[in-house]
Amino acid sequence: MQPPSNSKVAEMLEEVADLLSVQHADPYRVRAYREAAATLRDRKESAAEVVEVHGREALEGWPRIGRSLSSAIAEIVSSGRLGMLDRLRGEVSPEDLFTTVPGIGEELARRLHAALGLETLEDLEVAAHDGRLEGLPGFGARRTRAVRELLAARLSRSARKLARRVQPTDVERPSITALLSVDDEYRRRARAGELRQIAPRRLNPDHEAWLPILHAERDGWSFTALFSNTARAHELGTTHDWVILYFERDGHEDQSTVVTEHRGPLAGKRVVRGREEECRAHYQ
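Our subject in this report is the structure included herewith. Source: prediction; values computed, not measured. (Residues numbered from 1 in each chain as written. Predicted model: local features only at pLDDT ≥ 70, side-chain atom pairs only at ≥ 80, totals over all residues. Heavy atoms only, no water.)

**What about the overall build of the chain?**
For step 1, the next point in the chain: Summing up its helical and strand segments, the chain has 13 helices and six strands in all.
For step 2, the next point in the chain: What you see for the chain is a C-alpha radius of gyration of 19 Å, in line with the 19 Å of a compact globule of 284 residues.
For step 3, the next point in the chain: Taking all 284 residues of the chain together, the buried fraction comes to 47%.
For step 4, the next point in the chain: In the form shown here, the chain has an accessible surface area of approximately 14400 Å², with 47% of it arising from carbon and sulfur atoms. (Helix = DSSP H or I, 4+ residues; strand = E, 2+ residues; numbered from the N terminus. Rg over C-alpha atoms; globule rule 2.2 N^0.38 Å. Buried < 20%, exposed > 50% of the residue type's maximum accessible area, 1.4 Å probe, protein only. Areas by Shrake-Rupley, 256 points an atom, 1.4 Å probe, with all protein chains shown as cover.)

**Digging into the pairing of strand 3 (residues 221–227)**
For step 1, the next point in the chain: Among the seven residues that make up strand 3, seven are buried, leaving the element largely enclosed by the rest of the structure.
For step 2, the next point in the chain: Judged from the six bridges that link them, strand 2 (residues 211–218) and strand 3 form a sheet pairing that is antiparallel. Across the sheet, the residue bridging to R218 is W221, located in strand 3.
For step 3, the next point in the chain: Turn length for the strand 2-strand 3 hairpin, with the two strands adjacent in sequence and antiparallel, is two residues, and the turn residue D219 shows positive phi of about 50°. (Pairing = 2+ DSSP bridges.)

**Considerations on the packing of helix 1 (residues 6–22) against helix 4 (residues 67–79)**
For step 1, the next point in the chain: It is at 10 Å that the axes of helix 1 and helix 4 come closest, and there the two elements cross at 125°. It follows that helix 1 is oblique to helix 4 by the angle criterion. Between helix 1 and helix 4 the crossing geometry is right-handed. In this structure, helix 1 uses V9, M12 and L13 to contact helix 4, whose residues at the interface are I73, I76 and V77.
For step 2, the next point in the chain: Looking at the contact of helix 1 with helix 4 residue by residue, the classes come out as six nonpolar, no polar and no charged. (Axes fitted to C-alpha atoms, helices over the stretch in contact; angles between N-to-C directions. Parallel < 35°, antiparallel > 145°, perpendicular 65-115°, else oblique. Left-handed = near helix turned anticlockwise from the far one by under 90°. Contact = heavy atoms within 4.5 Å. Nonpolar A, V, L, I, M, F, W, Y, C, P; charged D, E, K, R; others polar.)

**Here we look at unusual backbone geometry**
Glycine aside, negative phi is the norm for most residues, and most peptide bonds take the trans geometry.
For step 1, the next point in the chain: A positive phi angle, near 65°, is found at R64, a position not held by glycine.
For step 2, the next point in the chain: Relative to the elements of secondary structure, R64 occurs in the loop between helix 3 (47–54) and helix 4.
For step 3, the next point in the chain: Relative accessible area serves as the criterion here: at 43%, R64 is assigned to the partly exposed category.
For step 4, the next point in the chain: In the Ramachandran plot, D219 falls in the positive-phi region, its phi being about 50° despite a non-glycine side chain.
For step 5, the next point in the chain: Looking at where D219 falls in the secondary structure, it is placed in the loop between strand 2 and strand 3.
For step 6, the next point in the chain: Overall, the relative accessible area of 57% leaves D219 in the exposed class.

**Here we look at the nonpolar core**
For step 1, the next point in the chain: Ranked by internal contacts, the top residues of the largest apolar core, which has 61 residues, are L13 and I73.
For step 2, the next point in the chain: Leaving out residues up to four positions away in the same chain, I73 has contacts with V9, L13, L40, A47, L59 and I65.
For step 3, the next point in the chain: Of all hydrophobic cores here, the second largest spans 17 residues; its members include V101, A109, L118 and L133. (Core = buried A, V, L, I, M, F, W, Y, C linked by side-chain atoms within 4.5 Å.)

**What about the packing of aromatic side chains?**
For step 1, the next point in the chain: For the coordinates displayed, the defined rule picks out three aromatic pairs.
For step 2, the next point in the chain: On the numbers, 5.5 Å between centres and 90° between planes, the contact of W221 with F247 is edge-to-face. With a gap of 26 residues between them, W221 in strand 3 and F247 in strand 4 (residues 243–249) connect regions that are remote in the sequence. Pair check on accessibility: W221 and F247 agree, each one buried.
For step 3, the next point in the chain: Linked through ring pairs, W221, F223 and F247 together constitute an aromatic cluster.
For step 4, the next point in the chain: It is R143 that lies over the ring of F139; its NZ or CZ is 5.9 Å from the centre. (Phe/Tyr/Trp six-rings, centres within 6.5 Å; stacked < 30°, edge-to-face > 60°. Lys NZ or Arg CZ within 6 Å of the ring centre and 35° of its normal.)

**Remarks on the pairing of strand 5 (residues 252–260)**
Remember that side chains alternate between the two faces of the sheet whenever the strand is regular.
For step 1, the next point in the chain: With seven of nine residues buried, strand 5 lies mostly within the body of the structure.
For step 2, the next point in the chain: Relative to strand 5, strand 4 runs antiparallel, the two being bridged by seven bridges. Looking at strand 5, one finds that I244 is bridged to T257.
For step 3, the next point in the chain: In this structure, the hairpin formed by strand 4 and strand 5 is closed by a connection of two residues, where D250 is found at a positive phi of approximately 55°.
For step 4, the next point in the chain: Where strand 5 meets strand 6 (residues 270–272), three bridges bridge the pair, whose relative direction is antiparallel. Each bridged residue has a counterpart across the sheet, and for V259 the counterpart in strand 6 is V271.

**Remarks on the environment of R29**
For step 1, the next point in the chain: Here R29 is to be found in helix 2 (residues 27–42).
For step 2, the next point in the chain: We classify R29 as buried; its relative accessible area is 10%.
For step 3, the next point in the chain: Linking R29 and A17, residues 12 residues apart in sequence, is a C-alpha distance of 7.9 Å.
For step 4, the next point in the chain: For R29, the residues in contact, after removing those within four places along its chain, are L20, M84, H215, E217, S222, F223 and T224.

Interpretation in functional terms is not warranted from these geometric data alone.
This is the structure:
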C-alpha cells in the first residue's frame, strides 16, 4: 500500500474538523484538527516517512501537532484510514472492518462480532493476545498468530502500549462517574431531540438519519457518544439502550459500552461493561 501524502492526510483531518463542527463539538477541538491539517500542507517532509523512520513522537516537533494529533496522523499513514473519521461518518460495520485483515472472510468476521462482541481492530488485537480468539471455532494457534502479526504491523503498536490495553490502568481510562455522566447526558438529550442525527450506512437501508451523536468533555477526556448500531443490538432491540462511548486524551483512545443491567444487585442501573465492580461502588 502506498503511504498517503501529506495532502491526503490533511484532507482527512479537515473532514474530521468539518464533521465535528456540524455535530457541535468543542470549537477548540475543531480548530486543532484544522491547524494540524494546515501544518501538514505547509511541510515538505513526508509525515509517512517521518513516522516510519522516527516514530509517531517525531511529529510532535511539528507546529500545532501534539500527542493526540500525532496519533491520528500515524494511524492514517500506517493503515490508510482513521477510526474516528469512520465513526463520524457512521459508515463502517465491525464485520466490514475485520474482513480487511487477510485470512478473515465474511463468516469469520460475523463470528468475531456476534460471539466475542468485538467492534474494532484494536479489540481484535487484544482478543488475539488474551486467548479469546484462539478459542473461537475457525481460529487455531496458527491463524491467531498470523492475525497478531498482521495487526501489530498495521496498527504499529509497541509491546508496552499493547500491554496497557490488555491490562488498562485507572490513569488511562475515564472514571465511572465521567462515563455515566456522558451516558446520562447523551440519552437525555437524545430523548429531547437536542442532538444532531446522522445516517449510518450499515443496517440502514432507507438511509434514515436516526442516530444521535454527542461530543462532550469530562476530566480532560474528549468523548463521542452513539447508540450501538450493531447487528446484535438490532437483534435484541437495544439500539436505544446500549451506548458506545469513544474517548481520547493525549493520544490514548479507547471505548466503553454502557447498558441497562437487568439482573442482580445492579438491576435497573446503567452499567459500564467490564467495570461492574466499580459501578457497584459508584452507586453505593
